[in-house]
Amino acid sequence: MDNNAERKKISIILPAKNESASLKKILQELTTLYKDEEIIVVNDGSTDNTLEVCSEFDINIITHPYSKGNGASIKSGARKASGDFLVFMDADGQHEPSEISNLIECLNNGYDMVVGARERKTHASFPRYIANTLYNKLATYMSGHKIIDLTSGFRAVKADIFKKYLYLLPNGFSYPTSITMALFRSGYSINYLPISCNKREGKSHIKLIKDGFRFLLIIFRITSLYSPLKIFIPLSLLFFFTGTFYYFYTYFFQGRFTNMSTLLLIISVLIFLFGLLSEQLTVLMYSNKSNNDD
């Protein structure tokens with residue numbers, strides 16, 4: 001990091017749920033490398049000895065009386081944090097504490113948020129890699145910016161900016177998606193840094209089949225947070241051209257205009273109107289947020 005840059009206080013936040021197997025090693029490294037920084041562990045209703053492990057170190061501990069979710073832990077940690085920069089990392093041993101300095105350096109160079117981007121080999125499974133690739137492609141299309149790793153939990157962000165958007169963040173696992181799209185929408189600068197990613201210790205809390213529906217929820221969330229018309233217009237055109245084609249097909253081959261053609265054309269208009277309404281609501285949401293910040 002640039003020694004001439006103004007010294008900024010850093011808060012390192014780790015949401016933890018039954019991660020005692022890896023947490024002790026991570027905290028040992030963090031308290032050695034960043035002994036002058038604020039370290040916060042959010043114990044999300046763990047049933048193992050996570051709390052006992054945390055008590056061995058001079059850190060701040062937040063304990064949820066029951067599990068509220070990864071996003072809820074992130075919000076609890078951010079509210080407690082006093083640093084100028086917030087660093088979020090997983091407590092399962094995947095992220096290297098030594099790489100935090102690289103993220104902070106980017107913030108000092110003018111970026112508002114820096115995301116640790118995982119390589120292909122670091123993803124837990126091929127299906128999860130495919131899902132994350134689809135997320136990235138969709139988010140890139142929606143935002144108009146190249147998004148390398150939308151769902152990475154290893155990131156650093158300016159605290160004053162991040163805290164503006166706490167109300168948007170869900171309590172589940174899709175908080176990285178929400179904050180990334182919100183900052184892009186508001187014109188903030190985001191950078192991606194390649195990181196090494198270790199195999200997690202213990203069992204993942206994400207179930208591929210159980211959380212499959214989460215993919216659709218993330219799709220809708222990306223749409224609502226950024227530019228709804230980019231999704232609604234293609235859908236509207238799909239129904240419009242399908243209805244038009246079916247109209248001419250039945251007219252020339254059956255000599256009649258069918259109810260199905262009418263239905264498809266009506267649906268295309270309704271989808272467009274819903275998209276227009278969603279776009280206006282999104283604009284109002286961000287404009288009101290900007291006015292409140294002023």
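Residues numbered from 1 in each chain as written. Predicted model: local features only at pLDDT ≥ 70, side-chain atom pairs only at ≥ 80, totals over all residues. Heavy atoms only, no water.

## Some words on the packing of aromatic side chains
Scanning all chains against the criterion turns up 10 aromatic pairs. Ring centres of Y246 and Y249 lie 6.5 Å apart, and the angle between their planes is 25 degrees; this geometry places the pair in the stacked category. One end of the pair, Y246, and the other, Y249, are both in helix α9 (residues 229-254), three residues apart, so they sit about a helical turn from each other. Seen in terms of ring centroids, F248 and F252 are 6.2 Å apart; in terms of plane orientation they differ by 20 degrees. Their pairing is stacked. Pair noted here: F248 and F252 are both in helix α9, with a separation of four residues, about one helical turn. Accessibility expressed as a relative area gives 61% for F252, which makes it exposed. One aromatic cluster is present, formed by F245, Y246, Y249 and F253 through successive ring pairs. Over the face of the ring belonging to Y66 we find K68, whose NZ or CZ atom lies 5.7 Å from the ring centre. Cation over ring: K230 sits above Y141, and NZ or CZ is 5.8 Å from the ring centre. (Phe/Tyr/Trp six-rings, centres within 6.5 Å; stacked < 30°, edge-to-face > 60°. Helix = DSSP H or I, 4+ residues; strand = E, 2+ residues; numbered from the N terminus. Buried < 20%, exposed > 50% of the residue type's maximum accessible area, 1.4 Å probe, protein only. Lys NZ or Arg CZ within 6 Å of the ring centre and 35° of its normal.)

## Things to note about the sheet that holds strand β3 (residues 60-64)
The sheet built from seven strands is open, its strands ordered β3-β2-β1-β4-β6-β5-β7 with mixed pairing. Lying at the two open borders of the sheet, with one neighbouring strand each, are β3 and β7 (190-194). Pairwise comparison of adjacent strand axes, ignoring direction, gives a mean angle of 20 degrees for this sheet. Running over the sheet, helix α3 (residues 70-80) touches β1 (10-16), β2 (38-44), β3 and β4 (85-88) and is turned about 145 degrees from β2. (Pairing = 2+ DSSP bridges. Axes fitted to C-alpha atoms, helices over the stretch in contact; angles between N-to-C directions. Contact = heavy atoms within 4.5 Å.)

## Some remarks on the pattern of salt bridges
Per the counting criterion, the structure on display carries three salt bridges. The salt bridge involving E56 is made with K24; its shortest N-O contact spans 3.5 Å. In this pair, E56 is assigned in the loop between α2 (50-55) and β3 and K24 in helix α1 (residues 20-33), connecting sequence segments 32 residues apart. Assessed through its relative accessible area of 37%, K24 is described here as partly exposed. Its salt-bridge partner being D112, residue K158 comes within 3.5 Å of it at the nearest N-O pair. Here K158 is found in strand β6 (residues 155-158), whereas its partner D112 is found in the loop between α4 (100-108) and β5 (113-117), with 46 residues between them in sequence. (Salt bridge = Lys/Arg side-chain N within 4 Å of Asp/Glu carboxyl O.)

## Observations concerning the confidence of the model for the protein chain
The predicted model of the protein chain has a mean per-residue pLDDT of 85, with 85% of residues at 70 or higher. Taken element by element, the predicted model of the protein chain shows its lowest mean pLDDT in helix α8 (residues 212-225) (67) and its highest in β4 (98). (pLDDT = per-residue confidence, 0-100.)

## A word on α4
Every buried residue of α4 is listed here: I100, L103, I104, C106 and L107. Down the axis of α4, the buried side of the element spans an arc of 155 degrees, and every buried residue falls inside it. Of the surrounding secondary structure, the elements contacted by the buried residues of α4 are β1, α1, β4, β5, β6 and β7. A positive phi of about 115 degrees marks G110, the residue just after α4. (Arc of directions from axis to C-beta.)

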